[in-house]
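Secondary and tertiary structure notes
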Amino acid sequence: MVHHNDALESRLYRSYWDDGLLDIFAGAGIVGIGLCWMADLIAMGPVVPVVLAPFWGPLRRSLVEPRAGLVEFSDARSDRNRRLGRWSVWLGLAMLALFTALYFRAGPDPGTFLPLVIAGVPAFLLALLAAMAGLGLGLPRFLGYGAVLCVCGAGVAVAGAEPEVAMVTGGVLIALAGALLLSRFLRMDVESGEES
């Protein structure tokens, strides 16, 4: 049985991410990984989220918390978030290793299926991470972002383009969606301030 407090916390938790900042960071991270690929620095891709992470707290404190307030969630939810974060990191590393193995194994043989889809694999793997985040955080729009990344991955596979094209395109679209959410969030705060 779900207690009233649990249901209230679940609603608060979902709305905690509605400002769009997480979306901007996710999109920027994907774009950064794609840019690393463009610069032939594929191994630096996983470092991008680590570089972005220190900016999360200050931006959230300066843009979001003054308007939405500071919410402290239960220990159980905080533990779940930490576990989700650890699993996401390990899954991301495992997927990177899998893709690297597939990439070098594919070879130029046009008779196999793998070379036809290999360019889309990084976007497909990022789509899986987006879907995991959506399910873990209760954010359906991240499932949509996963779909966007799959479309971008399929597009580069069909067009014979490079994998980074899908990552940069998908990342930009996700960051733009986040920017629209953040703009709406900030505008709502201004409007509510004018009414009071």
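Let us look at the structure shown here. Since the structure is predicted, the reported quantities are computational estimates derived from the model, not experimental observations. (Residues numbered from 1 in each chain as written. Predicted model: local features only at pLDDT ≥ 70, side-chain atom pairs only at ≥ 80, totals over all residues. Heavy atoms only, no water.)

A look at the overall build of the protein
What counts here: For the purposes of this entry, the term helix denotes a DSSP run of H or I that reaches at least four residues, the term strand denotes a run of E that reaches at least two, and both are numbered from the N terminus. The contact definition used throughout considers only heavy atoms, calling two residues in contact when any of these lie within 4.5 Å. Accessible surface area values rest on a Shrake-Rupley calculation with a 1.4 Å probe, where residue burial reflects the displayed protein chains alone.
Regarding its fold elements, the protein presents eight helices and zero strands. The contacts of the protein with a sequence gap of at least 6 include a subset with a gap of at least 24, amounting to 75%. Only carbon and sulfur atoms are counted for the fraction: they give 69% of the accessible area of the protein, which is about 11,500 Å².

A few points about the pattern of salt bridges
Where charged atoms from two side chains of opposite charge approach closely, those side chains can pair. Rule in force here: Put simply, a salt bridge is a Lys or Arg side-chain nitrogen that is within 4 Å of an Asp or Glu carboxyl oxygen. The buried label goes to any residue with under 20% of its type's maximum accessible area, the exposed label to any with over 50%, and the partly exposed label to all in between, with areas taken from a 1.4 Å probe on protein chains only.
In this structure the tally under the stated criterion is three salt bridges. D23 serves as the salt-bridge partner of R141, at 2.6 Å between the closest nitrogen and oxygen. Pair noted here: R141 is in helix 7 (residues 140-159) and D23 is in helix 2 (residues 21-38), with a separation of 118 residues, a long-range link. By relative accessible area, which is 22% here, R141 ends up partly exposed. A cluster of three or more residues bridged by salt bridges with shared partners is formed by D18, D23 and R141.

Description of unusual backbone geometry
With the exception of glycine, the majority of residues adopt a negative phi angle, and the majority of peptide bonds are in the trans configuration. Phi at D40 is positive, roughly 60°, even though this residue is not glycine. Following the sequence through the fold, D40 ends up in the loop between helix 2 and helix 3 (47-68).

Considerations on the nonpolar core
Applied cut-off: Buried residues of nine kinds, namely Ala, Val, Leu, Ile, Met, Phe, Trp, Tyr and Cys, make up a nonpolar core once their side-chain atoms join them within 4.5 Å.
Formed by 19 residues in total, the largest nonpolar core has its most connected members in W17, L22, I30, L139, L149 and M167. If you list the elements that add at least two residues to this core, you get helix 2, helix 6 (121-137), helix 7 and helix 8 (163-195). Among the elements that take part in this core, helix 2 stands out by supplying five residues, more than any other. Beyond its immediate chain neighbours, meaning those up to four positions away, I30 contacts L126, L149, M167, G171 and I174.

Digging into the side chain of R60
Stated formally: Pairs of N or O atoms are called polar contacts if they sit within 3.5 Å, as long as, within protein, a hydrogen donor faces a hydrogen acceptor (for residues adjacent in sequence, only side-chain-to-side-chain pairs).
As for its placement among the helices and strands, R60 is situated in helix 3. Side chain to side chain, R60 and D19 meet in a polar contact 2.7 Å long. Excluding its chain neighbours within four sequence positions, the residues that come into contact with R60 are Y16, D19, L21, E65 and P66.

Structural notes on the packing of aromatic side chains
Rule in force here: Geometry of aromatic contacts follows a simple scheme: Phe, Tyr and Trp rings, the Trp one being its six-membered ring, pair when their centres are within 6.5 Å, and the pair is stacked under 30 degrees between planes, edge-to-face over 60, tilted otherwise.
Following the criterion strictly, the structure yields three aromatic pairs and no others. Seen from their ring centres, F25 and W56 are 5.4 Å apart, and the 85° between their planes marks the pair as edge-to-face. Residue F25 is located in helix 2, and its partner W56 is located in helix 3; the two are separated by 31 residues in the primary sequence.

Focus on the side chain of D23
Taking the relative accessible area as the measure of exposure, D23 reaches 0% and is therefore buried. In contact with D23, other than residues within four places in its own chain, are W17, R141, F142, Y145, I174, A175, G178 and L181.

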